[in-house]
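# Residue-level structural notes
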Amino acid sequence: MASVIGFRLPPFFELNSQSRPQCRLRVHNSAGGDSAVLSSDVVVVNGASSVVRKREAWINHGNRRLKPGAGEEEKKKIVKDNVQESLEPFWDDGYGTETVKDYFDAVEDMIKPDGGPPRWFTPITCGRPLKDSPILLFLPGMDGTGMGLILHHKALGKMFEVRCLHIPVNDRTPFEGLVKFVEETVRLELASSPNKPIYLVGDSFGGCLSLAVASRNPTIDLVLILVNPATSFGRSQLQPFFPILEAMPAELHTTVPYLLSYIMGDPTKMAMVNVETKLPPMQRFEKMSQNLTALLPCLSSLADIIPRDTLLWKLKLLKSAAAYANSRLHAVKAEVLVLASGKDNMVPSKDEAQRLKNSLQNCTVRHFKDSGHTFLLEDGISLPTIIKGTSKYRRSRRHNFVSDFLPPSRREVNYAFEQVTGLLRIAASSLAFSTLEDGKIVKGLAGVPTEGPVLLVGYHNIMGLELYPLVEEFLREKNIVLRGVAHPQLFVADSGSSSPEFSMGDWFRVFGALPVTPSNLFRLLSSKSHVLLYPGGAREALHYKGEAYKLFWPNQPEFVRMAARFGATIVPFGAVGEDDLVDLVLDYNDLQKIPVLNDYIREANRSAIRVRDASDEEVDSEDLFVPGLLPKIPGRYYYLFGKPIETKGKEEILKNRENANELYLQIKSEVERCLAYLLKKREEDPYRNVIDRTVYKAIYGPSHEVPGFDP
């Protein structure tokens, strides 16, 4: 790692040079290593050979500092000590610590005219990235400040080396000049890290800029994330008003920012950024009102961010940018993710996303129906979460589900289990039991080994309903992310939907799910993970009427031999409760009797990925479909983890197929035993019914855990 010189300066400073632009502030050591940029507020880089206006220079390494005279060995040691190679579950992604008001405060000094050209900067809140992180170049929208990612800086700063493009208010660089500026930076980064992807996050106007750069560099490994790209500017709903803006007297321009703020985004959603979802409704409303009251006066500063002459210039720039990008879409070879807002009053983003998907070779789309044009400054799912959930985060040329996985942050855990699966969480009110080494059954997960590799093998309930409480239980109690191996069809981009939203399949990926393949299982066990495996797969999760709690396991005991190869501990488990939550009213056989629908299911399965061996008679029917389910007055979910089975030291024995098959049958029998135990014992639970649990919480308080049966 190199030493990094950080400068403690006023809120905004520049390396004042007109020389060739570059996007890095690095001091290389003799080994040629790199490190991330840190500063007290904002670091701006504008040239290779620059004179720096500074008050104080330090070598910055996390929370420790050395003056420039410190020895090289000491510097190297501190850098090494502060390099973070991985993240723990519940890591702090910083979402909600910065608000839209902070955005206006941050750009107050940035918009002062300085006569300088466009330049790159790294916000201090981005901090230091993980080892081997790729670079992310943020290309801003009409404001040009480069601070549009302020809500996401801390999390993005862990995942990437972040550089933000700042275009000064009075800068009049034409679109082709900006393209060349970004292009040169991309090529410099490619020369520095030829095996890493380069991310371009383009917001509105920046989306056109990203596409233009990608079209001119088809051989460079680029990942484009386009947020409401302005390629549809020619079809903007505001086209009739642009001539009026040009003719409007300068005295009336002060009203334009207020109009633009309501057109570009929803102030209410902006004010909700740091409002806790756990607060009672009245307190949430009061907090949101306070934020909105503080935010509204800031909107007047839009007149300084985009003054009249700059606004007219930006509109011309947008027109040329859209034309340039659209004429070169055929040349874009990059991996593209388009994020489209459903309430975009600036451009028709929803329709444009579909057009880009049809025009580009490798394009994924996610729609956000309640968001406005300034999607990145509104409350909702954070940009880092979207990147992870769409499997777009990678640190090399190919995405690796194991080495590129980052565990869920505290906010992702809370958001997913409170807002996405909150109703099921309340209805299920799950109870988990585990088996100790001496065979004693205890409440909780004490019997499940904390050190991996661990292979949890169990029964798959209808539609995988048992997954959500199970994953949360391991996160909350043991701080462990279960890496579930799932049907590959879940990972097919957009799943054939014409308007795909960020859905359950994306959340599965955020929480570590990956396609079930021998190579993925190999990688997980070799990395000492806790792996969740359902041998019954889709056939078990989509079982027919009368097949509840029946195992549909294949004949091959391959996972046993794989576990033995790495000395993994196998933990059989059972989960019951599906019949207490839903009624299966339409199974595969019923759906096949419905005209049109049966043809649709057959067609969908014809192109679906198959993971089962057709010669296996027990599970040869693996057709994918959505069963008809009706909710019931909820009962409860129960889990029992059997006694752990060690394979360490048995590698040679389990190489023999007969021995492996014997252990396989033992595991299967133990899962069936766990199911039978739970089905019997749940009858003894006085709080199995949701009404009884509700009464209990009303008496003892909502934070009180509802008891169950005694094991």
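The name an unreviewed UniProt entry assigns to the protein chain is Diacylglycerol acyltransferase, from the organism Trema orientale. The UniProt entry for the protein chain carries the following text under Sequence similarities (unreviewed entry): "Belongs to the diacylglycerol acyltransferase family."

Once that is clear, we can look at the overall build of the protein chain. Within the protein chain, the secondary structure is distributed over 26 helices and 24 strands. With 711 residues in all, the protein chain has 58% of them scored as buried. The long-range share in the protein chain, meaning contacts at least 24 apart out of those at least 6 apart in sequence, stands at 83%. In the form shown here, the protein chain has an accessible surface area of approximately 30,400 Å², with 54% of it arising from carbon and sulfur atoms.

By the definition in use, this model includes 34 salt bridges. The closest approach of N and O atoms between Arg235 and Glu352, which form a salt bridge, is 2.2 Å. Taken together, the positions of Arg235 in the loop between β11 (222-227) and α6 (242-247) and Glu352 in helix α12 (residues 349-359) put the pair 117 residues apart, joining distant regions of the chain. Residue Arg235 is classed as partly exposed on the basis of its relative accessible area, which comes to 42%. The partner of Asp579 in a salt bridge is Arg682, with the nearest N and O atoms 2.7 Å apart. Highlighted residues: Asp579 in helix α21 (residues 578-581) and Arg682 in the loop between α25 (657-681) and α26 (690-700), separated in sequence by 103 residues.

Before going further, it helps to examine the packing of helix α14 (residues 410-420) against helix α16 (residues 467-478). Two elements in contact, α14 and α16, have axes whose closest approach is 12 Å; the angle formed by their N-to-C orientations is 145°. Handedness of the crossing formed by α14 with α16: left-handed. Contacts between α14 and α16 involve Val413, Asn414 and Phe417 on the former and, on the latter, Tyr468, Val471, Glu472, Leu475 and Arg476. Of the residues assigned to the contact of α14 with α16, the class counts are five nonpolar, one polar and two charged.

For the structure shown, the criterion picks out 28 aromatic pairs. Plain terms: the ring middles of Phe502 and Trp507 are 5.5 Å apart, the flat faces sit at 85° to each other, and that makes the pair edge-to-face. For the pair Phe502 and Trp507, one class covers both residues: buried. Each member of the aromatic cluster is reached from another via a ring pair, and the members are Tyr415, Phe417, Phe502, Trp507 and Phe511. Above the ring of Tyr324, the side-chain terminus of Arg328 is found at 3.8 Å from the ring centroid. In this structure, Arg483 is placed above the aromatic ring of Phe405, and the distance from its NZ or CZ to the ring centre is 4.0 Å.

As a packed pair, helix α5 (residues 205-216) and helix α11 (residues 308-326) sit with axes 9 Å apart at the nearest point and diverge in direction by 35°. In terms of crossing hand, the pair formed by α5 and α11 is left-handed. In this structure, α5 uses Phe205, Cys208, Leu211, Ala212 and Arg216 to contact α11, whose residues at the interface are Leu317, Leu318, Ala321, Ala322, Tyr324 and Ala325. Within the contact of α5 with α11, the residues separate by chemical class into ten nonpolar, no polar and one charged.

So, on to a nonpolar patch on the surface. Together, Val585, Leu586, Ile594, Leu597, Tyr600 and Leu630 line one region of the surface with nonpolar side chains, adding up to about 510 Å² of accessible area. When residues of the nonpolar patch are traced back to their parent elements, those giving at least two are β21 (582-586) and α23 (597-606). Relative to the assigned elements, Leu586 resides in strand β21. A residue is classified by how much of its surface remains accessible, and Leu586, at 32% relative accessible area, is partly exposed.

Now for helix α2 (residues 100-110). Every buried residue belonging to α2 is among Val100, Tyr103, Phe104, Val107 and Met110, and all of these are buried. Along the axis of α2, the buried residues cluster in a sector spanning 115°; they form a single face.

Next up on the list: the side chain of Lys681. Along the chain, Lys681 falls in helix α25. Setting aside its immediate chain neighbours within four residues, Lys681 contacts Phe709, Asp710 and Pro711.

Take α11 next. The terminal C-alpha atoms of α11 lie 27 Å apart, and with 19 residues this matches the ideal 27 Å at 1.5 Å per residue to within 8%. All of the buried residues along α11 are Thr310, Leu311, Leu312, Lys314, Leu315, Leu317, Leu318, Ala321, Ala322, Tyr324 and Ala325.

On to the pairing of strand β20 (residues 569-576), then. In the case of a regular strand, side chains alternate between the two sheet surfaces. Taken across its eight residues, β20 has eight buried, putting it largely inside the fold. Burial of the side chains of β20 extends over both faces: Thr569, Val571, Phe573 and Ala575 are buried on one face and Ile570, Pro572, Gly574 and Val576 on the other. Bridge count for strand β16 (residues 454-458) against β20 is five bridges, and the pairing is parallel. Within β20, the position partnered with Val454 by the bridge is Thr569. Strand direction decides the pairing type here: β20 and strand β24 (residues 645-646), joined by two bridges, are antiparallel.

This part is about the environment of Glu108. Here Glu108 lies in helix α2. In the structure, Glu108 is positioned 193 residues away from Ser301 in sequence and 8.1 Å away in space, judged by C-alpha atoms.

Further remarks concern the pairing of strand β23 (residues 638-641). The alternating pattern of β23 places Tyr638 and Leu640 and Tyr639 and Phe641 on opposite faces, both of which are buried. When strand β14 (residues 431-435) meets β23, the two strands line up parallel, connected through four bridges. The residue of β23 that forms the bridge with Leu431 is Tyr638. Pairing between β20 and β23: four bridges, direction antiparallel. The partner of Gly574 across the bridge, within β23, is Leu640.

So, how was this worked out
- Residues numbered from 1 in each chain as written.
- Predicted model: local features only at pLDDT ≥ 70, side-chain atom pairs only at ≥ 80, totals over all residues.
- Heavy atoms only, no water.
- UniProt positions renumbered as here; feature names shortened; annotations may be inferred.
- Helix = DSSP H or I, 4+ residues; strand = E, 2+ residues; numbered from the N terminus.
- Buried < 20%, exposed > 50% of the residue type's maximum accessible area, 1.4 Å probe, protein only.
- Contact = heavy atoms within 4.5 Å.
- Areas by Shrake-Rupley, 256 points an atom, 1.4 Å probe, with all protein chains shown as cover.
- Salt bridge = Lys/Arg side-chain N within 4 Å of Asp/Glu carboxyl O.
- Axes fitted to C-alpha atoms, helices over the stretch in contact; angles between N-to-C directions.
- Left-handed = near helix turned anticlockwise from the far one by under 90°.
- Nonpolar A, V, L, I, M, F, W, Y, C, P; charged D, E, K, R; others polar.
- Phe/Tyr/Trp six-rings, centres within 6.5 Å; stacked < 30°, edge-to-face > 60°.
- Lys NZ or Arg CZ within 6 Å of the ring centre and 35° of its normal.
- Patch = residues over 30% accessible without salt bridge, like charges linked within 9 Å, V, L, I, M, F, W, Y side chains within 5 Å.
- Arc of directions from axis to C-beta.
- Expected span 1.5 Å × (residues − 1).
- Pairing = 2+ DSSP bridges.

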